[in-house]
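Single-letter residue listing:
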Amino acid sequence: MSLNVQGLRKPSQVNSPSSIKKPIMSSLLFNCKAPINVPNSSQVSPQNSEQNLLKTLHSHKGSQVDVTNLTKLIKHNKSPTIEAFDTQNSQNSSQQQLQALFAKAREITSNKQKPQIVKQQVQSIQTQSINQLKELFDNDIYCRNTFYFHFVVGIGGFGKVWKVEHKKTAQVYAMKEMSKALIITKKSVNSVMNERVLLSQLKHPFLVNMNFAYQDRETLYLIMDYMSGGDLRYHIGRMRRFNEEQTRFFVACIFLSLEYVHECNIIHRDIKPENLVLDNKGYVHLTDFGIARVMKTENSSDTSGTPGYMAPEVMCRQNHTFAADYYALGVIAYEFMLGRRPYVGRSRQEIRDQILAKQVQIKKSEIPNNWSIEGADFINRLLQRKPQQRLGFNESQEIRQHPWFLNFPWQKLKNFELVPPFQPNRTEDNFDQKQILIEDEENNELIQQNLLVLKDPATQDLFQSYEFNANQNQNKISSTTDQSSSSSSKHSRNFSQKIEKQQYLESGTK
Ligand SMILES: Nc1ncnc2c1ncn2[C@@H]1O[C@H](COP(=O)(O)OP(=O)(O)OP(=O)(O)O)[C@@H](O)[C@H]1O
Ligand SMILES: [Mg+2]
């Protein structure tokens, strides 16, 4: 796709060829539409546990009770296995309560009491068990039917993003649907699996956090915080430029999200207006971790990204650090100030040639009215082609300490106590329905052409670990932006180890 000089068209992302992992094991049964939970060694299928309970309840002499309700309940829920019944590790109170009920039932039936008393006690346990089981199933099972679909709010490379509402809790979320056929066709399995792994470890108020992830035969589902304000591509398209106060506020929000992500030892690598979404008040949140990576000293071959925002060192296939994200931040601020990007071209090659030809700098004469010299200087320093000369290369404090942010109320921003200088429309849509339709049609054509790929059971193996439930995951790294640098580097190491361990464990299951 050509890049528009006015910076208003969506620049297309370029993925470096990613190798698709060869499945070692053939697929699990994927014919059901139910979500797939893969049990670990300490997990027991609920059916087994319930059968034990039923056996205990049923077999006691003189205490025959009606178990149809319980059986129906179990049959009704089609999930092949549920992560449950591991009392030692379980954080889930309903699982623990159910375990306690099982134990009580066993105790009653092993005591020699009058049949009538046993029957009453067993009946009461049965009722309680049904409630506990129901709660357990309700918590754990996610499928398309779990949500009401309101409308489409965005479109990504693999499918639509919906505003959805959880039927039981009435909680509103954004659901990113990703077609497995499209993912395979675009050779992006690593990217989507990587996104889920990274998001499972991240949580921060300035990110779009993941709440659940699950799949069915054709689609992966990522359930995220819902941002009703639209993305910054949509808004810069309508506004053409932002004023200095608005730009500084956006940059500050993006900086807070980046500072956290970098402390977790991750480079986002796809900072661009499409991946920055506004909440209903106007605060910016960072999304799309598809091509984010744990920082490695040798990463010259990681060249995915979006050409207009890609740092020169990435473009030129050199090793790169967190400063690559700050370069993209500079491009965004430049675009918001002047209504165009610093380097434009119709292809990656053209943009690269332009970057190599000269260092773009905002000249005094170009600074728009009502913008300060400090603002232009800040942007110029982020746009430095040599990463060592770029603001933020040594540490994030360099950005906070730049005169453009002198006396900036960082703490109030973090606490969401500021009134955002740009507020999204609360009554109208904040997205471009026409653009969504066009891209959706393109996606659908590709999906139809490539559906056959899903017939190969080995394909399903590639997506085996795509699942997540934030209610059961206490593992996330919380915000550490106030920590000292020594504890934050310890934190980064811990984070990298966790991610690597998780990636290793998951690749071992394939
Ligand atoms: N949580 C959200 N709330 C509201 N809108 C969202 C949310 N997440 C994404 N969007 C919208 O959907 C668009 C596509 O989402 P996203 O960037 O995650 O997909 P993508 O670009 O396909 O990602 P990938 O690089 O993994 O293909 C965004 O540009 C944004 O407009
Ligand atoms: Mg995106």
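Conventions and cut-offs
- Here the residue numbering is sequential within each chain, running from 1 through the sequence in written order.
- By the order in which they are written, chains take letters starting at A while ligands take numbers starting at 1.
- It should be noted that, the model being predicted, local features are given only for residues of pLDDT at least 70 and side-chain atom pairs only at 80 or more, the latter also being counted only at that level, while totals for whole chains, interfaces and linings use all residues.
- Segments assigned H or I by DSSP are reported as helices when at least four residues long, segments assigned E as strands when at least two residues long, and all are numbered from the N terminus.
- Field definition: a residue is buried when 20 or more other C-beta atoms are found within 10 Å of its C-beta, exposed when 12 or fewer are, and partly exposed for counts in between, with C-beta atoms placed from the backbone.
- Note on geometry: axes are C-alpha line fits, over the in-contact stretch for helices, and angles between N-to-C directions span 0 to 180 degrees.
- Oblique is the label for every angle not falling under 35 degrees (roughly parallel), over 145 degrees (roughly antiparallel), or within 65 to 115 degrees (roughly perpendicular).
- Less than a right angle of anticlockwise turn of the near helix away from the far helix marks a crossing as left-handed, whereas a clockwise turn marks it as right-handed.
- Note on contacts: residues are paired as contacts if their backbone-placed C-beta atoms lie within 7 Å.
- Amino acids are sorted into nonpolar (Ala, Val, Leu, Ile, Met, Phe, Trp, Tyr, Cys and Pro), charged (Asp, Glu, Lys and Arg) and polar (every other residue, Gly among them).
- The span expected for a helix works out to 1.5 Å for each residue beyond the first.
- By definition, a residue lies near a molecule or strand when the C-beta atom built from its backbone is within 6 Å of it.
- Reported domain spans reflect what an automatic or database domain assignment gives.
- Only when DSSP finds a minimum of two bridges between them are two strands counted as paired.
- Scored from 0 to 100, pLDDT records how confident the predictor is in each individual residue.

Visitor: How would you summarise the overall build of the protein chain if you had to cite specific residues and measurements?
Guide: Helix and strand counts for the protein chain stand at 17 helices and ten strands. Counting every position in the protein chain, which comprises 510 residues, the buried fraction comes to 41%.

Visitor: Go over the packing of helix 8 (residues 244-263) against helix 10 (residues 323-338), please, and point to the residues and values.
Guide: It is the contact of helix 8 with helix 10, at a shortest axis distance of 10 Å, that shows an interaxial angle of 165°. Classified by the interaxial angle, the pair formed by helix 8 and helix 10 is roughly antiparallel. Remark: the crossing between helix 8 and helix 10 carries right-handed chirality. Contact with helix 8, carried on its side by T247, F250, V251, I254 and L258, involves D325, L329, A333, F336 and M337 of helix 10 and no other residues of that element. In terms of residue class, the contact of helix 8 with helix 10 is made up of eight nonpolar, one polar and one charged.

Visitor: Any chance you could break down helix 15 (residues 433-450) for me, citing the residues and the numbers?
Guide: Compared with an ideal rise of 1.5 Å per residue, which puts 18 residues at 26 Å, helix 15 spans 26 Å between its outermost C-alpha atoms and is within 8% of the ideal. Within helix 15, only one of the 18 residues are buried, leaving the element largely exposed.

Visitor: A description of the site of ligand 1 should follow, citing residues and the corresponding values.
Guide: Around ligand 1, a shell composed of 22 residues is seen, among which G154, G156, G157, A174 and G290 lie nearest. The element that contributes the greatest number of residues to the shell around ligand 1 is strand 1 (residues 147-156), accounting for four residues. Domain assignment of the residues forming the shell around ligand 1 places at least three in each of domain 2 (144-228 + 434-509) and domain 3 (232-429).

Visitor: Residue-level account of the pairing of strand 5 (residues 219-225), with values.
Guide: Counting buried residues along strand 5, six of its seven residues qualify, which places the element largely inside the surrounding structure. Direction of pairing for strand 4 (residues 210-215) relative to strand 5: antiparallel, over a ladder of five bridges. Within the sheet, the bridge partner assigned to F212 lies in strand 5 and is I223. Hairpin remark: strand 4 followed by strand 5, antiparallel, with three residues in the connecting loop.

Visitor: Tell me about the confidence of the model for the protein chain, residues and numbers included.
Guide: Per-residue confidence for the protein chain gives a mean pLDDT of 79; residues scoring 70 or more make up 72%. Here residues 1-9 scores under 50 on pLDDT; set against residues more than four positions off or in separate chains, the count is 19 contacts. Considering only residues more than four positions removed or in separate chains, one finds that residues 479-487, a stretch of pLDDT under 50, has eleven contacts.

Visitor: Outline the pairing of strand 1, supporting the account with residue identities and numerical values.
Guide: Pairing analysis gives eight bridges linking strand 1 to strand 2 (residues 159-166), with the strands arranged antiparallel. Each bridged residue has a counterpart across the sheet, and for G154 the counterpart in strand 2 is V161. Hairpin geometry of strand 1 and strand 2 is characterised by an intervening segment of two residues between the two adjacent antiparallel strands.

Visitor: Which residues make up the sheet that holds strand 4, and what values go with them?
Guide: An order of 1-2-3-5-4-10 is seen for the six strands of this open sheet, with the pairing classed as antiparallel. Each edge of the open sheet carries a strand with a single partner, namely strand 1 and strand 10 (468-469). Against the sheet, helix 15 makes contact with strand 1, strand 2 and strand 3 (172-179), and its axis sits at roughly 95° relative to strand 1, the strand it touches most.

Visitor: Describe unusual backbone geometry, naming the residues involved and giving the relevant values.
Guide: A positive phi angle is found at K187, which is not glycine, with a value near 50°. The phi dihedral of R240 is positive, around 70°, even though this residue is not glycine. Tracing the backbone through its elements, the reader meets R240 in the loop between helix 7 (232-239) and helix 8. With 13 C-beta atoms packed within 10 Å, R240 lands in the partly exposed category.

Visitor: Which residues make up the packing of helix 10 against helix 12 (residues 373-382), and what are the values?
Guide: As a packed pair, helix 10 and helix 12 sit with axes 8 Å apart at the nearest point and diverge in direction by 140°. Here helix 10 lies oblique to helix 12, going by the angle between them. The handedness of the crossing between helix 10 and helix 12 is left-handed. Contacts between helix 10 and helix 12 involve Y326, Y327, L329, G330, A333, Y334 and M337 on the former and, on the latter, G375, I379 and L382.

Visitor: Tell me about the environment of G345, and please be specific about residues and values.
Guide: Take G345: it is sitting in the loop between helix 10 and helix 11 (348-357). Between the alpha carbons of G345 and G308 there is a distance of 8.2 Å; along the sequence they are 37 residues apart.

Visitor: For the environment of I141, give the residues involved together with the corresponding values.
Guide: Mapped onto the fold, I141 is located in the loop between helix 4 (115-140) and strand 1. Look at I141 and you get partly exposed, because 17 C-beta atoms sit within 10 Å. Put simply, I141 and Y214 are 73 residues apart on the chain and 9.2 Å apart in space, counted from C-alpha to C-alpha.

Visitor: Give me helix 10: which residues, what numbers.
Guide: Compared with the 22 Å implied by 1.5 Å per residue over 16 residues, the 22 Å span of helix 10 between its first and last C-alpha is a close match. Judged by how many residues are buried, helix 10 sits mostly within the fold: 16 of 16 residues are covered. A positive phi of about 80° marks G339, the residue just after helix 10.

Visitor: So what about the environment of Y466? Which residues, and what values?
Guide: Structurally, Y466 can be placed in the loop between helix 16 (457-461) and strand 10. A sequence separation of 272 residues divides Y466 from N194, and the C-alpha atoms of the two residues are 9.9 Å apart. Beyond its immediate stretch of four places on either side in the chain, Y466 contacts M193, R196, A213, Q215 and L220.

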